[in-house]
Amino acid sequence: MAAPSSNPLDLPDTDPFEVARDAAAQIADLTGVAQHDIALTLGSGWGKAADLIGETVANIPATDVVGFGMPAVPGHVGTLRSILLPDGRHALVIGARTHYYEGHGVRRVVHSVRTAAATGAKVMVLTNGAGGIKEHWTPGTPVLISDHINLTADSPLEGATFIDLTDLYSARLRALAREVDSSLDDGVYVQFRGPHYETPAEVQMAKAIGGHIVGMSTALEAIAAREAGMEIIGFSLITNLAAGIQKTPLSHAEVIEAGKNAEAAIGDLLARVVTAL
Ligand code: 8IG
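The rules behind the values
Residues numbered from 1 in each chain as written. Predicted model: local features only at pLDDT ≥ 70, side-chain atom pairs only at ≥ 80, totals over all residues. Heavy atoms only, no water. Core = buried A, V, L, I, M, F, W, Y, C linked by side-chain atoms within 4.5 Å. Buried < 20%, exposed > 50% of the residue type's maximum accessible area, 1.4 Å probe, protein only. Helix = DSSP H or I, 4+ residues; strand = E, 2+ residues; numbered from the N terminus. Contact = heavy atoms within 4.5 Å. Axes fitted to C-alpha atoms, helices over the stretch in contact; angles between N-to-C directions. Parallel < 35°, antiparallel > 145°, perpendicular 65-115°, else oblique. Left-handed = near helix turned anticlockwise from the far one by under 90°. Nonpolar A, V, L, I, M, F, W, Y, C, P; charged D, E, K, R; others polar. Salt bridge = Lys/Arg side-chain N within 4 Å of Asp/Glu carboxyl O.

One finds Leu-80, Met-124, Ile-213 and Ile-232 to be the most contacted residues of the largest nonpolar core, which totals 49 residues. By residue number, the principal contributor to this core is helix α3 (residues 106-118), which donates six residues. For Met-124, the contacting residues outside a window of four places in its chain are Ala-39, Leu-40, Thr-41, Ile-94, Val-113, Ala-116, Ala-225, Met-230, Glu-231, Ile-232 and Ile-233. Of all hydrophobic cores here, the second largest spans 30 residues; its members include Ala-49, Val-123, Val-125 and Leu-184.

Set out below in structure tokens:
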């Protein structure tokens, strides 16, 4: 038997927004930064950006903050970093994403986003490593997320909470990103549950319904960020072509390798985008 969870988000009577406010207060305490202006979740391959966007003021283990759990994936760093940007704004960098496939429920998945909003962040930058459906995308290509299709059959919204998702990935912010790098392509992100990669047939389905990128995160987080009133921009690093689009089997090692090779370039891209936001 597993030990009973000490995470309040796992208890049905907990208000997840209250836990997020408590987490934000702890972050303010532990970092010495009362308010953050912008938040970034750094997925596979994007970690290096944290070093490039500004000066790290504090770096705390996510597990010191209420509601956050241990990272489940090797190569994912479980820290929360407060970074002072050159223009004086404060960025909160979340290196500890909880994935839906971990099975801890959607409250845990979106806790970092709700916490970011509670710290004061008005802009949420969501990044991930993902599979590409457009055949001309080579591993290591960063792309803007233009919209998403949520295939998890779940939602972070509870009860009759009807939230509009038009322009979820802000057209304004995407235009700013394109001023930084006019070569940025975009695509519709399809969130699958995972953790298995898709079958080639599922990739063809994703393509047929209008998808260009396949992944296991981000869509649920974007919905929670919109609910929290944040403006959202999303990036995928295409680390592999999706199953059946590429001819060879997919491997996690390949994903990590593509991320490492692209790290410096996409870190620089993100640093310049953050400056422009
Ligand atoms: I990195 O090809 C990465 N994450 N679902 N499919 C899905 N998630 C991914 C993939 C992929 N590559």
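With their axes 9 Å apart at the nearest point, α3 and helix α6 (residues 219-227) run at an angle of 55 degrees to one another. Judged by the angle between their axes, α3 and α6 are oblique. In the packing of α3 onto α6, the handedness of the crossing is right-handed. Every residue of α6 that contacts α3 at Val-106, Val-109, Val-110, Val-113 and Arg-114 is listed here: Leu-220, Glu-221, Ala-224, Ala-225 and Glu-227. Considering only residue class, the contact of α3 with α6 consists of seven nonpolar, no polar and three charged.

Where helix α4 (residues 171-180) contacts helix α7 (residues 252-276), the two axes come as close as 9 Å, and the packing angle between them is 125 degrees. In terms of orientation, α4 lies oblique with respect to α7. Relative to α7, α4 is oriented so that their crossing is right-handed. Of α7, the residues touching α4 (which contributes Leu-176, Ala-177 and Val-180) are Leu-269, Arg-272, Val-273 and Ala-276. Split into classes, the residues belonging to the contact of α4 with α7 amount to six nonpolar, no polar and one charged.

Two side chains bearing opposite charge may form a pair once their charged atoms approach each other closely. Under the definition given, this model contains eleven salt bridges. The partner of Arg-108 in a salt bridge is Asp-10, with the nearest N and O atoms 2.8 Å apart. With a gap of 98 residues between them, Arg-108 in helix α3 and Asp-10 in the segment before α1 (16-31) connect regions that are remote in the sequence. Exposure remark for Arg-108: the relative accessible area of 10% places this residue in the buried category. For Asp-10, a relative accessible area of 30% gives the class partly exposed. A salt bridge links Arg-97 to Glu-221; the shortest N-O distance between them is 2.8 Å. You can see Arg-97 sitting in the loop between β4 (90-94) and α3 and its partner Glu-221 sitting in helix α6, a full 124 residues away along the chain. For the pair formed by Arg-97 and Glu-221, the shared burial category is buried.

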